[in-house]
Amino acid sequence: MDFSMTNLFNNFKLDKWWRIVLCLGISSVIGSFVYTPQFIEAKNLFGIGLGMILVGISYIMAESSHSWIKPPNAYTGGTALITQDFTKHNIITRTICFIGICLIITFGFLIIRALI
């Protein structure tokens, strides 16, 4: 088994933007409990991290995939299984995402105001 850093990051599968936001949110929430930076308040870091987590969870809930079999064709070749990933939001995922974005904006404003 190879435990290199590239293997570690490939296992996370951070191929979509909202997965990166989710990981950043989790790390900022953990960071608000573990570290106490002098230039930022822990409650504001926790709030922005919670907003990022809510946005990431809403996109995980809204993620869907559709698969179909492409028939053989003289131009495109033989039969193939095609899978398409897409995001389909419902009222619950939109509400969670809206709350997350509001938390990000509110606590982001508070962080910037505290830095000025």
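Just above, that's the structure.
Quick look at the structure, then. (Residues numbered from 1 in each chain as written. Predicted model: local features only at pLDDT ≥ 70, side-chain atom pairs only at ≥ 80, totals over all residues. Heavy atoms only, no water.)

## Details of the overall build of the protein chain
Now for step 1: In terms of helices and strands, the protein chain carries four helices and two strands.
Now for step 2: Of the regular secondary structure in the protein chain, the N- to C-terminal order runs α-α-α-β-β-α.
Now for step 3: Counting every position in the protein chain, which comprises 116 residues, the buried fraction comes to 25%.
Now for step 4: Considering only contacts within the protein chain whose residues lie at least 6 apart along the sequence, 58% involve residues at least 24 apart. (Helix = DSSP H or I, 4+ residues; strand = E, 2+ residues; numbered from the N terminus. Buried < 20%, exposed > 50% of the residue type's maximum accessible area, 1.4 Å probe, protein only. Contact = heavy atoms within 4.5 Å.)

## Observations concerning the pattern of salt bridges
When their charged atoms lie close together, side chains carrying opposite charge are able to pair.
Now for step 1: The full count for this structure, using the stated rule, is two salt bridges.
Now for step 2: Between E63 and R19 there is a salt bridge, with its nearest N and O atoms 3.5 Å apart. Of this pair, E63 sits in strand β1 (residues 63–70) while R19 sits in helix α2 (residues 17–34); the two residues are 44 residues apart in sequence, bridging distant segments of the chain.
Now for step 3: When its relative accessible area of 21% is taken as the criterion, R19 is described as partly exposed. (Salt bridge = Lys/Arg side-chain N within 4 Å of Asp/Glu carboxyl O.)

## What about the nonpolar core?
Now for step 1: Membership of the largest hydrophobic core is limited to five residues, which are I40, L45, I48, F107 and I111.
Now for step 2: Secondary structure elements with two or more residues in this core: α3 (42–62) and α4 (91–115).
Now for step 3: Beyond its immediate stretch of four places on either side in the chain, I111 contacts I40, N44, L45 and I48. (Core = buried A, V, L, I, M, F, W, Y, C linked by side-chain atoms within 4.5 Å.)

## Some remarks on the environment of N73
Now for step 1: Relative to the helices and strands, N73 resides in the loop between β1 and β2 (80–87).
Now for step 2: In terms of polar contacts, N73 uses its side chain to reach the backbone amide nitrogen of Y75, at 3.1 Å. (Polar contact = N/O pair within 3.5 Å; in protein donor to acceptor, adjacent residues only side chain to side chain.)

## Some points on the side chain of K70
Now for step 1: By the element assignment, K70 lies in strand β1.
Now for step 2: Salt bridges are absent for the buried K70, whose nearest opposite-charge side chain, D85, sits at 19 Å.
Now for step 3: Here the side chain of K70 touches G78 through a polar contact of 2.9 Å, landing on its backbone oxygen.
Now for step 4: Not counting chain neighbours up to four residues away, the residues in contact with K70 comprise T76, G77, G78, T79, A80 and I82. (Lys, Arg positive; Asp, Glu negative; His and termini not counted.)

## Description of the packing of aromatic side chains
Now for step 1: According to the stated counting rule, one finds two aromatic pairs in the structure shown.
Now for step 2: Measuring from ring centre to ring centre gives 4.9 Å for W17 and Y59, while their planes differ by 70°; the resulting arrangement is edge-to-face. Of this pair, W17 sits in helix α2 while Y59 is found in helix α3, placing the two residues 42 residues apart along the sequence.
Now for step 3: Since its relative accessible area comes to 17%, Y59 is described here as buried. (Phe/Tyr/Trp six-rings, centres within 6.5 Å; stacked < 30°, edge-to-face > 60°.)

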